[in-house]
Amino acid sequence: MISLPRRTLVLPVLAAVTLSACAPSAPTGTNGEPASLKVLASFYPLHYVAERVGGEESAVGSVTPPGADPHNLELSPAKVAELADASVLVYASGFQAAVDEAVSQVSPEQTIDVADAADLSPADGSSSAPDSGGADPHFWLDPQRLAAVADVVAQGFSEIDPENGETYRANAQELSQDLSSLDEEFSTGLADCERRTIVVAHEAYGYLADRYGLKQTGISGIDPESEPAPARIAKLRRVIEGRNVTTIFTESLVNPKVAEVLASDLGMKTALLDPLESLTDPGKDYLDVMRNNLAALRGALNCE
Ligand SMILES: [Zn+2]
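Treat the numbers as computed from the prediction; the structure is a model and nothing was measured.

Thresholds applied
Residues numbered from 1 in each chain as written. Predicted model: local features only at pLDDT ≥ 70, side-chain atom pairs only at ≥ 80, totals over all residues. Heavy atoms only, no water. Helix = DSSP H or I, 4+ residues; strand = E, 2+ residues; numbered from the N terminus. Polar contact = N/O pair within 3.5 Å; in protein donor to acceptor, adjacent residues only side chain to side chain. Contact = heavy atoms within 4.5 Å. Donors = N, O, S within 2.8 Å, 3.2 Å for Na, K, Ca; no water. Tetrahedral: all angles 85-135°; square planar, octahedral: opposite > 155°, others 65-115°. Expected span 1.5 Å × (residues − 1). Buried < 20%, exposed > 50% of the residue type's maximum accessible area, 1.4 Å probe, protein only. Pairing = 2+ DSSP bridges. Axes fitted to C-alpha atoms, helices over the stretch in contact; angles between N-to-C directions. Disulfide = S-S within 2.5 Å.

1. Focus: the side chain of Thr197
Structurally, Thr197 can be placed in strand 5 (residues 197-202). Separated by 3.4 Å, the side chains of Thr197 and Arg243 make a polar contact. Once residues lying within four places of it in the same chain are set aside, the contact partners of Thr197 are Lys215, Val239, Arg243, Val245 and Leu301.

2. Things to note about the side chain of Thr64
Mapping Thr64 onto the fold places it in the loop between strand 2 (58-62) and helix 3 (77-85). Side-chain polar atoms of Thr64 contact the backbone oxygen of Ser42, separated by 2.6 Å. At 3.0 Å, the side chain of Thr64 and the side chain of Gln96 are in polar contact. The contact partners of Thr64, leaving out residues within four places of it in the chain, are Ser42, Phe43, Asp69, Pro70, Leu73 and Gln96.

3. Digging into the coordination of the zinc ion
Within the first shell, the zinc ion binds the protein through His71 (NE2), His138 (NE2), His202 (NE2) and Glu277 (OE), at distances of 1.9 to 2.1 Å. Relative to the metal, the 4 donor atoms surrounding the zinc ion lie at angles of 99 to 119°, and the coordination shape comes out tetrahedral. Within one chain, the residues serving as donors to the zinc ion are arranged as H-x66-H-x63-H-x74-E. Here the residue His71 occupies a position in the loop between strand 2 and helix 3, and Glu277 occupies one in the loop between strand 8 (269-272) and helix 10 (286-301), the gap between them amounting to 206 residues.

4. Side note on helix 5 (residues 143-160)
For helix 5, built from 18 residues, the straight-helix expectation of 26 Å at 1.5 Å per residue is met to within 8% by its first-to-last C-alpha distance of 26 Å. When we look at burial in helix 5, the residues that qualify are Pro143, Arg145, Leu146, Ala147, Val149, Ala150, Val153, Ala154, Gly156, Phe157 and Ser158.

5. What about the sheet that holds strand 4 (residues 111-113)?
Within a sheet, adjacent strands bond to each other through the backbone by hydrogen bonds, running parallel or antiparallel. Taken in spatial order, the 4 strands line up as 2-1-3-4 in an open sheet, and their pairing is parallel. Edge positions in the sheet fall to strand 2 and strand 4, since each has one partner strand and no second. Ignoring strand direction, the axes of neighbouring strands in this sheet form an average angle of 20°. Bridge count between strand 1 (residues 37-41) and strand 3 (residues 88-91): 3 bridges; the pairing is parallel. Bridge pairing links Ala41 to Val90 in strand 3.

6. Some details on the environment of Trp140
Within the secondary structure layout, Trp140 lies in the loop between strand 4 and helix 5. Judged by its relative accessible area of 0%, Trp140 falls in the buried class. At a separation of 2.7 Å, a polar atom in the side chain of Trp140 contacts the main-chain carbonyl oxygen of Pro275.

7. Focus on the state of the cysteines
What the rule picks out here adds up to 1 disulfide. One disulfide bridge connects Cys193 with Cys303, the sulfur atoms lying 2.2 Å from each other. On the sign convention where negative means left-handed, the S-S torsion of about 100° between Cys193 and Cys303 marks this disulfide as right-handed. Residue Cys193 is found in the loop between helix 6 (165-189) and strand 5, and its partner Cys303 is found in the segment after helix 10; the two are separated by 110 residues along the sequence. Both residues of the pair, Cys193 and Cys303, belong to the buried class.

Laid out in structure tokens, this is it:
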């Protein structure tokens, strides 16, 4: 057995979360005209959707600072005040307790809760406490679920700003087509693979795995900060050995120590798979990162 240092997955992101609040929503839209909608999105994939749907009519800010882990987010009083000031908040209830609490405290003018549209299902039983029983929040890694969310955001924007309703619906339609192409690339790209099991840093890929016929096993459960229990590591080793897994996927917001120890112990590779909970490279967007993920998956699973 390898011995695992305790607390290796606890992240030094708190300072970033509490201090480096990104610039308050700009008062102008991307066209330089005063924005019709001042939007706050609770974390990256919703930020991406809000920007694509809102287009030039919107100025979109983020509740979760770029590069921070949206799980277990803490909100500064300044951030809570920003929430109260936005014309609309786009969030998924049940994912970020601090955001849910802020919503009930400051009652933002308008909110769009995408949790229903995202069609969340319970996290599978293998997730470690305290996740078990809760819904799996990672809907954005399934392009079809994200497309449904985009429709609801367009509907919400149109109700709040009917004058630009046509534009929002057209933008959502365009995003929907992009997501549909992405979905097809995943379906085709993962159709014929030597292996179908992925070992990942935390279990963010449940919806993606369901959609494309893969199986995930995580070093951590659906919460990246949960510590892997010895039983989980033992199960992981059995999965790796039984399914001829060659690669352990790490992610940039989770300390890769456990993955690296495990990989070197079992003579495996590590590779990056991005759960897109935050945008870590500002030069890329949701579609770019998802395509990188597809390439990483195809390599690890040896797909035709
Ligand atoms: Zn996650």
